[in-house]
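Residue-level structural notes
Next come the chains, spelled out residue by residue.
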Amino acid sequence: MLLCKKIKIEVSERDAATLEWMQGKCRGLYNWWVMGLRDGSKRWPGVNPAKKTLAESRDHDPELDGVYGKLLQEVFFRLDGAMAGFFRRVQEGSAPGFPRVKPRHRFFTLRYPGMYLKVQGNRLELPTGGRGRHKRFPNVIATLTETPPSHYGDVAVSRDDQGNYFCSFVYDDAQPLPQPRKRKKTRTKKAQAARREMGIAAFDLGIKQLATGYTDEGRFYRIGGFRGYRYYNKQLDKVRSRRDRCKKKSRRYLKLSKKYKHISEQKRRKQRDCHHKASHLMAYRVAESAVVIGDLSQRQMVIKKQEQENPKERRKRQIRNRLVYNDWGLYSFVQMLAYKCVRFGKDLHVIDEGDTTKMCHACKCKQDMPLWKRTYRCENCGLVMDRDENSAINIYQRFVAGLPPHTPAI
Ligand SMILES: [Zn+2]
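Residues numbered from 1 in each chain as written. Predicted model: local features only at pLDDT ≥ 70, side-chain atom pairs only at ≥ 80, totals over all residues. Heavy atoms only, no water.

Observations regarding the overall build of the protein chain
- Across its full length, the protein chain carries nine helices and 14 strands.
- Counting only C-alpha atoms, the protein chain reaches 85 × 65 × 50 Å along its principal axes.
- A total of 410 residues make up the protein chain; the buried ones form 40% of that total.
- Taking the intrachain contacts of the protein chain between residues at least 6 apart in sequence as the baseline, contacts between residues at least 24 apart amount to 67%.
- Accessible surface, the protein chain as shown: approximately 25,600 Å² in total, 51% of it carbon and sulfur.
- Of the charged side chains in the protein chain, 86 are positive and 43 negative, and the gap between their average positions amounts to 7 Å. (Helix = DSSP H or I, 4+ residues; strand = E, 2+ residues; numbered from the N terminus. Buried < 20%, exposed > 50% of the residue type's maximum accessible area, 1.4 Å probe, protein only. Contact = heavy atoms within 4.5 Å. Areas by Shrake-Rupley, 256 points an atom, 1.4 Å probe, with all protein chains shown as cover. Lys, Arg positive; Asp, Glu negative; His and termini not counted. Charge placed at Lys NZ, Arg CZ, Asp CG, Glu CD.)

Examining the side chain of Asp 15
- For Asp 15, the position within the fold is in helix 1 (residues 13–38).
- Among residues more than four places away in sequence, those in contact with Asp 15 are Asn 139, Val 140 and Ile 141.

So, the coordination of the zinc ion
- For the zinc ion, the protein coordination sphere consists of Cys 360 (SG), Cys 363 (SG), Cys 378 (SG) and Cys 381 (SG), at 2.2 to 2.4 Å.
- With four donor atoms in place around the zinc ion and angles of 105 to 115° between them, the coordination shape is tetrahedral.
- Expressed as a motif, the donor residue spacing for the zinc ion is C-x2-C-x14-C-x2-C. With Cys 363 in the loop between strand 12 (347–351) and strand 13 (375–377) and Cys 378 in the loop between strand 13 and strand 14 (384–386), the pair connects residues that are 15 residues apart, well separated along the chain.
- Taking relative accessible area as the criterion, Cys 363 reaches 27% and is therefore assigned partly exposed. (Donors = N, O, S within 2.8 Å, 3.2 Å for Na, K, Ca; no water. Tetrahedral: all angles 85-135°; square planar, octahedral: opposite > 155°, others 65-115°.)

So, unusual backbone geometry
- Even without a glycine there, the phi angle at Lys 249 is positive, about 65°.
- Counting through the fold element by element, Lys 249 comes out in the loop between helix 5 (229–244) and helix 6 (251–285).
- Exposure remark for Lys 249: the relative accessible area of 64% places this residue in the exposed category.

So, the packing of aromatic side chains
- Under the criterion given, the structure shown has 15 aromatic pairs.
- Seen in terms of ring centroids, Phe 107 and Tyr 165 are 5.9 Å apart; in terms of plane orientation they differ by 75°. Their pairing is edge-to-face. Within this pair, whereas Phe 107 is found in the loop between helix 4 (69–92) and strand 2 (110–112), its partner Tyr 165 is found in strand 7 (residues 165–172), the two being separated by 58 residues in sequence.
- Among the residues examined, Phe 107 registers a relative accessible area of 11% and is labelled buried. (Phe/Tyr/Trp six-rings, centres within 6.5 Å; stacked < 30°, edge-to-face > 60°.)

With respect to the sheet that holds strand 1 (residues 2–10)
- Here we have seven strands laid out as an open sheet, ordered 2-6-7-1-5-4-3, and antiparallel in their pairing. Of all the strands in the sheet, the pair left with one neighbour each is strand 2 and strand 3 (118–120). In this sheet, neighbouring strand axes are inclined to one another by 30° on average, regardless of whether the strands run parallel or antiparallel.
- Two strands pair when backbone bridges link them, and strand 4 (residues 123–126) and strand 5 (residues 140–144) are joined in this way by four bridges, in the antiparallel orientation. Considered in strand 5, the bridge of Glu 125 is made with Ile 141. (Pairing = 2+ DSSP bridges. Axes fitted to C-alpha atoms, helices over the stretch in contact; angles between N-to-C directions.)

What to know about the pairing of strand 6 (residues 152–159)
- Alignment of strand 2 against strand 6, held across three bridges, turns out to be antiparallel. Across the sheet, Tyr 112 pairs through a bridge with Val 155, a residue of strand 6.
- Summarising the sheet, strand 6 and strand 7 pair through six bridges and their orientation is antiparallel. Bridge pairing in strand 7 places Tyr 152 opposite Tyr 171.

Things to note about the environment of Glu 307
- Summarising the element assignment, Glu 307 is placed in the loop between strand 11 (288–294) and helix 7 (311–327).
- With 48 residues separating them in the primary sequence, Glu 307 and Lys 259 have C-alpha atoms 37 Å apart.

A short note on the state of the cysteines
- Across all of its chains, the model carries zero disulfides by this definition.
- Distance from the sulfur of Cys 4, which forms no disulfide, to the nearest cysteine sulfur (Cys 167) is 10 Å. (Disulfide = S-S within 2.5 Å.)

Here we look at the sheet that holds strand 10 (residues 220–223)
- Read from one edge of the open sheet, five strands run 10-9-8-11-12, paired in mixed fashion. Every other strand in the sheet has two partners, leaving strand 10 and strand 12 as the edge strands with one partner each. Strand-to-strand twist across the sheet, computed as the mean angle between neighbouring axes with direction ignored, equals 25°.
- Relative to strand 9 (residues 211–215), strand 8 (residues 196–205) runs antiparallel, the two sharing five bridges. If you follow Asp 204 over to strand 9, its bridge partner there is Thr 212.
- Its contacts with the sheet put helix 6 on strand 8, strand 9, strand 10 and strand 11, and the angle it makes with strand 10 is roughly 160°.

Notes on helix 5
- The end-to-end C-alpha distance of helix 5, which contains 16 residues, comes to 22 Å, matching closely the 22 Å that a straight helix rising 1.5 Å per residue would cover.
- Lining the buried residues of helix 5 we find helix 6 and helix 7. (Expected span 1.5 Å × (residues − 1).)

Things to note about the environment of Pro 99
- For Pro 99, the position within the fold is in the loop between helix 4 and strand 2.
- A residue is classified by how much of its surface remains accessible, and Pro 99, at 8% relative accessible area, is buried.
- Taking C-alpha positions, Pro 99 is 6.8 Å from Val 34, a pair spaced 65 residues apart along the chain.
- Residues in contact with Pro 99, not counting those within four places in the same chain, are Val 34, Ala 82, Met 83 and Phe 86.

Purely geometric numbers; function is a separate question.
What follows is the structure, given as structure tokens:
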């Protein structure tokens, strides 16, 4: 399956300026098309006819010759993708969302087809436009900080908020990554647990505990999530409130903005790392061959704004919604889980999870479970259990009940 490896690159100041210049030109072309399409002065003709208009664009702006031609062509593929998404949404009847103009402060990702790149050791050469004396900028020489995969397709160059540049290599994992020659510590990779072919593990995904699992053998798994929200949020709020008291674009304002970006990037990275580890655990280390989770689109965790709310309710709503929208990141977690399951050959099932937290798994009676109640106490049968575990058992039972009868493997 196709995977992507993102590697940090180091470039000289001059080469960084070249990359910035090229992305600016590519974005210009993209935005020019988007604006034309939006006000109706242009129609989207498809990739190949659009490519033919490139000559006209070059006449209009001769500086485009300084950009590597393949990068300009990639702009049309990107536009085509954006337009296709728009038409699909129109057809589905959901909010259409016309392709947007790319803002100037963001780096417009440059996509190189892999076959035009030269890699020697950790040295990567990224071509620029023109030839001979028409070459405006020399090719960009980037130093890779990690070993790239041996057979790669496209390579995308991007930049983060701190001004670090990255190359993302798309590769097929059927061909193994080359092992780096030297390594200070030899890390032993934990072996995959012995697979139980008919095994089922059902997971309840939550905020306090990222995932709680229950297996057909009656075992529980507990996977804790990222813990440092408060630590980061406190810093972020402080920096932002200080920044908002400064004059816009003043030196102090810019400094605090940079600081803010830095902290939020740290927080994001920590969280992503945590999600990777947790989903890897579920897809690779756990012995059961089928993983079941509840369908999250039905989950109502967000508190809606009331007509008349007192300050306490308001604060509660703000904290909760920040947790759900900003910090939980469940969508990306499920995405990671899905691809890792495919990669390690497991089945991922998503089932309707309505009322799984409210229902008692033993007697099926329901009661309200506000988020602060961590323990499920059944008034009917006297069951006392952790709420997440009860919910995991419910998901498991619901999945098993819905399964078609299987023929045992011989
Ligand atoms: Zn009960």
